[in-house]
There are 2 protein chains.
Amino acid sequence: MLNSENPNPQLSSQYQSLDTPFLLVDKPLMLKNLARLRNKTEALGAELRPHFKTVRALEAVNHLLPQKTSAITVSTVKEAEALAGEGYTNIVYAVGISEGKLPRIEQLIVKGAEVRVLLDTVEQAEFVSHYCEQHNCAIPALIEVDCDGHRGGIHPDDPKLIEIANLLHQGAASFHGVLAHAGESYLCFDQESLAEAARNEVQMTLKAANNLRAAAIPCDIVSIGSTPTAHSYQDLTGITEVRAGVYGFFDLVMTGIGVCQLDDIAASVVTTVIGHNKEKGWLFIDAGWMALSADRGTASQPKDCGYGLVAKSNGQLVEAMQVIGVNQEHGIIAAVGSDGINFDDFPVGCRLHILPNHACATASMHQHYHVFDTQDNTYEIWNRIQGW
Amino acid sequence: MLNSENPNPQLSSQYQSLDTPFLLVDKPLMLKNLARLRNKTEALGAELRPHFKTVRALEAVNHLLPQKTSAITVSTVKEAEALAGEGYTNIVYAVGISEGKLPRIEQLIVKGAEVRVLLDTVEQAEFVSHYCEQHNCAIPALIEVDCDGHRGGIHPDDPKLIEIANLLHQGAASFHGVLAHAGESYLCFDQESLAEAARNEVQMTLKAANNLRAAAIPCDIVSIGSTPTAHSYQDLTGITEVRAGVYGFFDLVMTGIGVCQLDDIAASVVTTVIGHNKEKGWLFIDAGWMALSADRGTASQPKDCGYGLVAKSNGQLVEAMQVIGVNQEHGIIAAVGSDGINFDDFPVGCRLHILPNHACATASMHQHYHVFDTQDNTYEIWNRIQGW
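What counts, and where the lines are drawn
Residues numbered from 1 in each chain as written. Chains lettered and ligands numbered in written order. Predicted model: local features only at pLDDT ≥ 70, side-chain atom pairs only at ≥ 80, totals over all residues. Heavy atoms only, no water. UniProt positions renumbered as here; feature names shortened; annotations may be inferred. Core = buried A, V, L, I, M, F, W, Y, C linked by side-chain atoms within 4.5 Å. Buried < 20%, exposed > 50% of the residue type's maximum accessible area, 1.4 Å probe, protein only. Contact = heavy atoms within 4.5 Å. Helix = DSSP H or I, 4+ residues; strand = E, 2+ residues; numbered from the N terminus. Axes fitted to C-alpha atoms, helices over the stretch in contact; angles between N-to-C directions. Parallel < 35°, antiparallel > 145°, perpendicular 65-115°, else oblique. Nonpolar A, V, L, I, M, F, W, Y, C, P; charged D, E, K, R; others polar. Left-handed = near helix turned anticlockwise from the far one by under 90°.

Chain A is annotated in an unreviewed UniProt entry as D-serine dehydratase-like domain-containing protein from Shewanella halifaxensis. Recorded under Sequence similarities (unreviewed entry), the UniProt text for chain A is reproduced unchanged: "Belongs to the DSD1 family."

Next up, the structure:
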């Protein structure tokens, strides 16, 4: 749990000097979360390919990756450009490629970064091959495998898998392997179903890889991942890499799924109480959806956390209190299922920390993160890469 | 309705050269929307005080305001600073003031801008007065009036109204008047209830102003507004100014409420089809919640538009199609309540325009707006002011 109360006077004064709302990152907690998944994944014999989409700050990359050639995933070309500009070379752009984005991908490849694109249709394989032919370059591509019907991808037994891979393998592009995302694991709420989702993701992706190899198509990369399954693998034989994004910050959705505790959440929004409505039992805060995001990811979970749970600035969770409503720059906090709020404990002007439903969404609302390290008493500003 | 198909070759080639997703503004449509409300408000004898929170781009201000002394509303100090930096001087900061923000407000006042703050508690009036005394400045303040129980504010008959106003009027700060926001008007879906919400907002705010005057406290500003009520006033006697924000862009929520038509929506997100799932009847697009926002403002309306309605790039609305799901950078479009999608009409690579649920939220996801004027064949980039 985030705790901004620190005996270090410089750090305390830094915290106090920041206007609310702002996004606070507890660095030691984040580093612990990052190490946890890297250690687990490497112990199972696979490489961790962190998803940059959550943090999207160059100041964080050396904490995400052991070296500049280490694997990373991005969700926008903008992220790939920023990383390549800093000398990071091993990038997967994990959103279905469209033809208009190929010139920017080519530029990165020319400059020395290996940026693999993702696709799941014959049309995409055709235009990527065609582009490579015309521009005399070999854009490396992965095929998206549908392991659980969650979103896109090709089923491992769909003959199109071989057709697409052949188009890439024999054409001017280059085929590097398969990638799956167990999106349905977000609907798991116990260890057993998480383990099953993880096993299924492994099996379905291996099946796709083996089907390709049986058709004499080399398949070097077998990439899987989602934060829920990444924490639940027991056997990664045959899998080359694991992707996950939100595991550095964690959030209430991940707490609900059961892959972290509230104490592990490393990002929160610091806000100020700007008013009381005693009749209704409401606190008003200066964090609305502009600061928290409108993400309601816990709405479908057993415990619905509204727009976020509430902690005091000493890190203590305020039981039962949650953000029940958001406008653009106003949030409303109420005590849900309890006797109500003792308003004397939350005077106008006091600061609270809101734990996010979905850290990716909340982080995306901020240009800067305010990163406090209460272990070595340092403060940093990280700048979020914005746009596409 | 947004139409990017234009005989002007330069404009067409500009549109094609932009990577998706991006936010497109149809400038003539926006100007028509802006003129509509300004004309209506001024015809009723009040001043329009546009809310800058929707557009938040300095390039747009001269379209919002007739001159630099014209009234404007902001929801962050950052907006006020940007406006004051350009010489705009008549600003209301319409979010409950907290003590920590007073030094920045004071700075703006010292530089010549009149930035009025908003409050609704005795504590706030005390710390504003105290600050003014200590710093020898007179920060002008408005009291928020609760006209419909929607959020914050003081009921017109609450004795605290007089108490707070007296604290400001007699103290070192300065009291300028009252402000109400008919937030409950967002729950109206017919002209009669809209007219009633508008009448109620006028009456309750006038009541507060008159109660103050009866207590010998001058109340120069009587400010009301919300986009739904602003379009529904019939009599503004006694009201000095009307606020509204989303009326320049409009959106699906406003269409659902009935204050605009789909054809009036001036902002949309341009996206590319990146995949098909023919079995499920889905199109994948490269606009997820990072481009569209996660706002589900139409979910509680009679017509739920998912995460947005779909138009072709010629502006033609595609009946029944809507964005039914969003991930960070993926959106899923399906045909809701119809026979499904003819995939040949939507090949991978084609562009679509997504009409937003809530233009304030969608605009907030973009650093830049791409502003096309198909009447005078010009293209501009507007830069959104970010942060707090």
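Considerations on the nonpolar core
Ile-333 and Tyr-369 of chain A together with Ile-333 and Tyr-369 of chain B are the most contacted members of the largest nonpolar core, which totals 259 residues. Once residues lying within four places of it in the same chain are set aside, the contact partners of Ile-333 of chain A are Gly-281, Trp-282, Leu-283, Ile-285, Val-310, Met-321, Gln-322, Val-323, Ile-324, Ile-341, Leu-352 and Ile-354 of chain A.

Notes on the UniProt feature "domain: D-serine dehydratase-like" (unreviewed entry) in chain A
The feature "domain: D-serine dehydratase-like" (unreviewed entry), as given by UniProt, occupies residues 266-373 of chain A in the numbering adopted here. Overall, residues 266-373 of chain A shows 9% helix and 42% strand. The separation of its end C-alpha atoms is 11 Å.

Observations concerning the packing of helix H6 (residues 122-135) of chain A against helix H7 (residues 160-170) of chain A
Residue and element names in this part refer to chain A. Two elements in contact, H6 and H7, have axes whose closest approach is 9 Å; the angle formed by their N-to-C orientations is 5 degrees. With respect to H7, the axis of H6 lies roughly parallel. Residues Val-122, Ala-125, Glu-126 and Ser-129 of H6 pack against Lys-160, Glu-163, Ile-164, Leu-167 and Leu-168 of H7. Within the contact of H6 with H7, the residues separate by chemical class into five nonpolar, one polar and three charged.

Let's talk about the packing of H7 of chain A against helix H8 (residues 191-214) of chain A
All names here are of chain A. Contact geometry for H7 and H8: axes closest at 10 Å, N-to-C directions at 60 degrees. Classified by the angle between their axes, H7 and H8 sit oblique to one another. When you trace H7 past H8, the crossing you get is right-handed. Contacts between H7 and H8 involve Leu-161, Ile-162 and Ala-165 from the former and Ala-208, Asn-211 and Leu-212 from the latter. Taken together, the residues of the contact of H7 with H8 sort by class into five nonpolar, one polar and no charged.

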